[in-house]
Amino acid sequence: MKRTVSLPASRPEPRELRGLVEAAAAMFLVGTLAGVSGVIGDYPVHGGQALRYLVAAVILFAVVRLAGLRPVRPTARETALLAALALTGLVLFNVCVIEATRHGGPALVGTVLGTVPLALALIGGRPSPRLLGAATVVVAGATVATGLGSGDLDGLLWSLGALGCEVCFSVLALPLLPRLGAVRVSAYSAALAVPLLAVAGLVADGTAPIRVPTPVEAAGLAYQAVVVTSVAFLLWYDALPRIGPGTAGLFAGLIPVGAIATGAVLGLGAPSGPDLLGAALVVAGIAVGLGPGRSPARPGSGGSPAAPGPEGPPARLSPRGSPAAGARSRAAGARRPAAAGSPATGRPRPSGRSSPGAGSHRPDGAC
């Protein structure tokens, strides 16, 4: 008599759950950039951002050293990708955001950046109808939260430029993360952004690309370097290979939520009714996208990487293939009764032997 076993609803694995939390925290922190940018609005743009990424690069390389990560030299292709990532996702993105804020205000920038979830869902492959619907709800919430935007044509064009750079920030990093890891990608890209911004500052601002910041400006630049760059970069780049760009992109809807919270904390104004409604729509859209019907990220499909990064042990893609699983399999074979023989020979069938490739991963991450 066969028994019907009901399987429980799929729950995110610890690796995936960590990615979800990291993506949410990273995008919320990025949202705080809008409020803090107003504090340093009078400081030279390119020189200020060069200082920011210089401090962030020092912090990130210190993390690499303190974590005991072995040196990994980027290949020529990886160096080109890192340079493109630094130019678009860091340098041009910040210039576009600051210029768009000057022309149209933070509402316009937030509205356009609110379409990031939809853009990443489309770029990530064939998005499911559920993911597309969730991304649409998140975009609608971000649009409502930012007041449907305002400003002139220049502000809109700068905002669209920021949108493209934000997409590049994720797409260009995906092929780099499996081998270099989140910490190295963050450190290399921040370091490469410094000379690019320094040259841009000399061209745009002449002989005065930097000056001694006021205490308030120094605090704003320090916050951008430590929190928005070092911490948010590490969280985002660690989350991308865990959950994939389509799912991670949903959390970009938290950018205006972070901006609203920052404005309230800095005393720039209490959240209005549309602000709260937009935030509620964002949360609802994320909940829909992460519902029980969502397919988990798979290796090679924009989810977790097929090869482990050098930061630690390889991801457990299945219960087989790990040393512990091979040991359990052999132990189970040892306990199996000898009567289970081969029908052809009548001899006991050897059980619990792993294939030559099983359990071949070393704990240090090398194969």
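Structure shown above.
Numbering of residues begins from 1 in every chain and follows the order in which that chain's sequence is written. Local features in a predicted model are, by the rule used here, given only for residues with pLDDT of at least 70; side-chain atom pairs are given and counted only at 80 or more, and totals for whole chains, interfaces and linings are based on all residues. To obtain the side-chain values, all non-hydrogen atoms of the structure were included, while hydrogens and water were left out.

(A) The arrangement of the packing of helix H2 (residues 45–66) against helix H9 (residues 215–250) in detail. Between H2 and H9, the shortest axis-to-axis distance is 8 Å and the interhelical angle comes to 50°. The angle between H2 and H9 falls in the class oblique. Our pair here, H2 against H9, has a crossing hand that is right-handed. From H2, Gly48, Gln49, Arg52, Tyr53, Val55, Ala56, Ile59 and Leu60 reach across to H9, where they touch Leu221, Gln224, Ala225, Val226, Val228, Thr229, Ser230, Phe233 and Leu234. Only Asp, Glu, Lys and Arg are considered charged, only Ala, Val, Leu, Ile, Met, Phe, Trp, Tyr, Cys and Pro nonpolar, and every remaining residue, Gly among them, polar. Of the residues in the contact of H2 with H9, the class split is 11 nonpolar, 5 polar and 1 charged. Axis lines are fitted to C-alpha atoms, over the contacting stretch for helices. Their N-to-C directions set the angle, which ranges from 0 to 180 degrees. The helix and strand labels rest on DSSP assignments: H or I over at least four residues marks a helix, E over at least two residues marks a strand, and numbering proceeds from the N terminus. Every angle not falling under 35 degrees, over 145, or within 65 to 115 is termed oblique; those three ranges are roughly parallel, roughly antiparallel and roughly perpendicular. Each crossing is labelled by how the near helix is turned from the far one, with a counterclockwise turn of less than a right angle marking it left-handed and a clockwise turn marking it right-handed. Contact between two residues is taken to exist if any of their heavy atoms lie within 4.5 Å; hydrogens are not considered.

(B) Seen up close, the state of the cysteines. To count as a disulfide, a pair of cysteine sulfur atoms needs to be within 2.5 Å. This model, assessed by the stated rule, comprises 0 disulfides. Note on Cys96: no disulfide assigned, nearest cysteine sulfur contributed by Cys165 at a separation of 4.8 Å. There is no disulfide at Cys168, and the cysteine sulfur nearest it, in Cys165, is 6.1 Å away. Exposed residues in this analysis have more than 50% of their type's maximum accessible area, buried residues have under 20%, and partly exposed residues fall in between, with area computed by a 1.4 Å probe over protein chains only. Owing to a relative accessible area of 26%, Cys168 belongs among the partly exposed residues under this scheme.

(C) Representation of the environment of Ala193 within the structure. One can find Ala193 in helix H8 (residues 177–205). Exposure remark for Ala193: the relative accessible area of 0% places this residue in the buried category. Placed 104 residues apart in sequence, Ala193 and Gly89 show a C-alpha to C-alpha distance of 9.5 Å. Residues in contact with Ala193, not counting those within four places in the same chain, are Tyr53, Ala86, Leu90 and Val91.

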